[in-house]
Amino acid sequence: MEFWQKLLAIDRRIIFIFVAFAIIVPLFIIAPPGFLKKIDVSLPVQSLYDYVENLPPGSKIMIAFDYDPPTTPELQPMAVSFLKHCFTKDLKVIMLGLWPQGPVQAQFAMEREILVDEKIKAKNLQYGIDYVNLGFQAGNEFVILRMGTDIAAAFPVDYFGTRTKEIPLMKDVKNFDNIRLVYNISAGYPGTYEWVIFAGDRFGVKIAGGNTAVQYPHNSPYVQTGQLVGLLGGMAGAAGYEKVSGYLGKATKYMLSQAVSHAMVIFFIILGNLAYFITRGRKV
Amino acid sequence: MRKEVPLIITFLAGAFFIADYFIPHTGFSDLAAKINGWAIIVLAASYILGVLNILRINYGRVAKREKDWILKLILVLCMFFMLGAGIFGGITEGTLFDWFFVNTFTPMQATMFALLAFYIASAAFRAFRVRTVQAALLAITAVLVMIGRVPIGETIWKSFPDFTEWIMNVPQLAGKRAILIGAALGAIATGLKVITGLERTYMGQD
């Protein structure tokens, strides 16, 4: 009995050490192939993949990077695998951000992952022709509404200060009518919800999303209603897209760490309740 | 007039944007787009207000040498440093701003968020108690979803991911949709009250 009472009063720093090991140690372990095969590809992930897969080469895709460094481990792999899929399919990519740090994340994805990938290198991607980074624009949903009539008016210059109207890729892009899909990767407001309401419902452009695990349930109703073409949720969603697209990356690598940390949290929930029921009615 | 003018502006702006949603006329849409442009400018100006607000809050505390005043001074100095680096040196790759952004801001923000994992585990141990039927349902569902969202789930039971998807797509979605519909109806009602002038708290009065 004394053991359980002591357990209930355990120093939280001991719990922190267990969590640290649960997260860090698996990062240095190569997951067995059997484990990777068990990564689930949910229906919303599959439907996004299928939609992109069936687009004709040259189609224009817009990616809104609406997140910042804290959620990078979950969301950046969603951006990377999606970008790889787009470039492999010879799609044209327009990147932007309604979050100040969003376009920086887009640059990170391009410079650190996409442009150094051997398969993508062979495509000889040209900035301004195959992809463009329009940078950040303040104004949240008002920017989306403005883009509905004139994208260049909402983003007059790109990330590097070049006038949007002078960029070859943007010359025949007036508004959402010229975009086949808006893929919003978001960690909050403004995010997928705003893109669904102000771009999808208002202007009829197809929307897909990539959300943090916390935000995923908030936007999942829009998948069933067809307002979202597809939706990736958290690390599991990112790993699912990597699996279905064949570009195994960081999400797949991190899944072992996530699995062990989930198991650790479950273990603590069970242990905490066990100790609580055994010592119930006694002074701790 | 101090009451009437804001009320008239609110009514006209609200009614205009509702009408814009239903009138697919080019001229009307162009005018709406122009007004949206104004909104973007106003929102962009709010960033300046943000800077002024940080100065206003921290200046007094630093001047009075209140608790942790040195930290507040560092905050203000860092803000001006990054502002200056961005304005005079640019923000593109290779600039001073970019170096600090990548090497200080990014890892610090990521670190702060990563701490959440430790607190969640600690809270799960201390606070996630199955005291009532509702709490039991919550705990069991949470555990099932946590297992099902990682490959461990499929190792235990082949259909675990499907079962998790069912939890997310049926009970979770039903509850979420009910909340969303309720919130949307509330937003419509509040919007109409603001446009028609019944709701005036945004003007700083009841």
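Residues numbered from 1 in each chain as written. Chains lettered and ligands numbered in written order. Predicted model: local features only at pLDDT ≥ 70, side-chain atom pairs only at ≥ 80, totals over all residues.

Undergrad: Help me understand the overall build of chain A in this model?
TA: Within chain A one finds 14 helices and six strands. In terms of principal-axis extent, the alpha carbons of chain A reach across some 75 × 40 × 35 Å. Taking all 284 residues of chain A together, the buried fraction comes to 54%. In chain A, 74% of the contacts between residues at least 6 apart in sequence involve partners at least 24 apart. (Helix = DSSP H or I, 4+ residues; strand = E, 2+ residues; numbered from the N terminus. Buried ≥ 20, exposed ≤ 12 C-beta atoms within 10 Å, placed from the backbone. Contact = placed C-beta atoms within 7 Å.)

Undergrad: Looking at this structure, how should I read the pairing of strand β1 (residues 60–66) of chain A?
TA: The side chains of a regular strand alternate between the sheet's two faces. All names here are of chain A. The buried fraction of β1 is high, at six of seven residues. Looking at chain direction, β1 and strand β2 (residues 92–97) are connected through five bridges and run parallel. By the bridge assignment, K60 is partnered in β2 with K92. For the segment spanning β1, helix α5 (residues 72–88) and β2, crossover handedness is right-handed. Looking at chain direction, β1 and strand β4 (residues 181–186) are connected through six bridges and run parallel. By the bridge assignment, I63 is partnered in β4 with Y183. (Pairing = 2+ DSSP bridges. Right-handed = clockwise from strand over helix to strand, strands pointing away.)

Undergrad: What is the right way to read the nonpolar core from this model?
TA: When a protein is soluble and globular, its nonpolar side chains tend to lie buried together. Membership of the largest hydrophobic core comes to 96 residues, with the highest contact counts inside it found for A:I63, A:A79, A:M95 and A:V182. Leave out the neighbours within four places in its chain, and A:V182 touches A:M62, A:A64, A:W195, A:A199, A:V205 and A:I207. (Core = buried A, V, L, I, M, F, W, Y, C linked by C-beta atoms within 7 Å.)

Undergrad: Help me understand the confidence of the model for chain B in this model?
TA: Interpretation of this model should avoid reading the predicted coordinates in detail wherever pLDDT is low. Residues and elements named next belong to chain B. On average, residues of chain B score 89 in pLDDT, and 99% of them reach the 70 mark or higher. Ranking the elements of chain B by mean pLDDT puts helix α6 (residues 152–156) last, at 86, and helix α3 (residues 69–89) first, at 94. Interface confidence for the predicted complex, given as ipTM, is 0.79, next to a pTM of 0.87. (pLDDT = per-residue confidence, 0-100.)

Undergrad: When you look at the interface of chain B and chain A in this model, what are you seeing that I'm missing?
TA: One frequently used descriptor of interface size is the decrease in accessible area upon assembly of the parts. Facing the 47 residues of chain B at the interface are 49 residues of chain A. When residues of the side of chain B that touches chain A are traced back to their parent elements, those giving at least two are α2 (26–63), α4 (96–127), α5 (133–148), α6 and α7 (160–195) of chain B. For the side of chain B that touches chain A, the element with the highest residue contribution is α4(B), accounting for 14 residues. Here the residues of the side of chain B that touches chain A sort into 29 nonpolar, nine polar and nine charged. (Nonpolar A, V, L, I, M, F, W, Y, C, P; charged D, E, K, R; others polar.)

Undergrad: What should I look at first to understand the pairing of strand β3 (residues 131–136) of chain A in this one?
TA: Residue and element names in this part refer to chain A. Counting buried positions over the six residues of β3 gives six, a clear majority of the element. In this structure, β2 lies alongside β3, joined through four bridges in parallel fashion. When the bridges of β3 are listed, V93 appears paired with Y131.

Undergrad: Can you help me understand the environment of A:T252 in this one?
TA: Residue and element names in this part refer to chain A. Within the element layout of this structure, T252 appears in helix α14 (residues 250–278). The class of T252 is buried, set by 22 C-beta atoms lying within 10 Å. Remark: the alpha-carbon pair of T252 and V265, spanning 13 residues in sequence, is separated by 20 Å. If we ignore the near neighbours within four places in the chain, the residues touching T252 are L36, I39, A239, E242 and K243.

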